[in-house]
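Okay, here's what each chain looks like letter by letter:
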Amino acid sequence: MREIDILGINYIIETYNPVDNAEAMGRWLEKQSKIIIAEGMKEDLTMQTIWHEVTHIILACIGESELTNNEDFVTKLSGALFQIADLKIKNKQ
């Protein structure tokens, strides 16, 4: 089990066993402060899915309900966030 703090709210990240491949790779359960992620994915896909759900949460918290319901937008933004989250800032000599 993992945990993440997003804008002052602690979310538990749990895994679940999807019934079939048509089921979502992840979901945000707002009332339970949980993110659930499908089991059996490679770590990079798991992290990208977590970023996708985090993006939904951030957009909802800042009052952008229209954007948080736009899966295409959320996928594009979360993909960009996932890419830059792993960047290493280097000291220039």
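Before going into details, it helps to say that this report is about the structure given with it. Predicted model only: the values in this text are computed from it and were never measured.

Observations concerning the pairing of strand S1 (residues 2-6)
Thinking step 1. Bridge count for S1 against strand S2 (residues 9-16) is five bridges, and the pairing is antiparallel. Opposite Ile6, over in S2, you have Ile9 as the bridge partner.
Thinking step 2. Hairpin connection from S1 to S2: two residues lie between these consecutive antiparallel strands, with Leu7 at a positive phi of about 50°.

Structural notes on the pairing of S2
Thinking step 1. Sheet topology places S2 next to strand S4 (residues 34-38); five bridges connect them, and they run parallel. Paired with Glu14 across the two strands is Ile36, which belongs to S4.

Things to note about the sheet that holds S2
Thinking step 1. Taken in spatial order, the four strands line up as S1-S2-S4-S3 in an open sheet, and their pairing is mixed. Unpaired on one side and paired on the other, S1 and strand S3 (26-29) mark the two borders of the sheet. The mean angle between the axes of side-by-side strands here comes to 25°, regardless of whether they run parallel or antiparallel.
Thinking step 2. Each of S1, S2, S3 and S4 touches helix H1 (residues 43-61); the most contacted strand, S1, lies at about 30° to it.

Points about the environment of Leu67
Thinking step 1. Structurally, Leu67 is set in helix H2 (residues 65-68).
Thinking step 2. A C-alpha to C-alpha distance of 9.9 Å links Leu67 and Thr55, two positions twelve residues apart in sequence.
Thinking step 3. If near-sequence neighbours (up to four positions away) are discounted, Leu67 is found in contact with Leu59, Phe73 and Val74.

Notes on the environment of Trp51
Thinking step 1. Counting through the fold element by element, Trp51 comes out in helix H1.
Thinking step 2. Spatially, the C-alpha atoms of Trp51 and Leu81 are 7.2 Å apart, while their sequence positions differ by 30 residues.
Thinking step 3. Among all residues touching Trp51, those that are not within four sequence positions of it are Ser78, Leu81, Phe82 and Ala85.

Conventions adopted
- Residues numbered from 1 in each chain as written.
- Predicted model: local features only at pLDDT ≥ 70, side-chain atom pairs only at ≥ 80, totals over all residues.
- Heavy atoms only, no water.
- Pairing = 2+ DSSP bridges.
- Helix = DSSP H or I, 4+ residues; strand = E, 2+ residues; numbered from the N terminus.
- Axes fitted to C-alpha atoms, helices over the stretch in contact; angles between N-to-C directions.
- Contact = heavy atoms within 4.5 Å.

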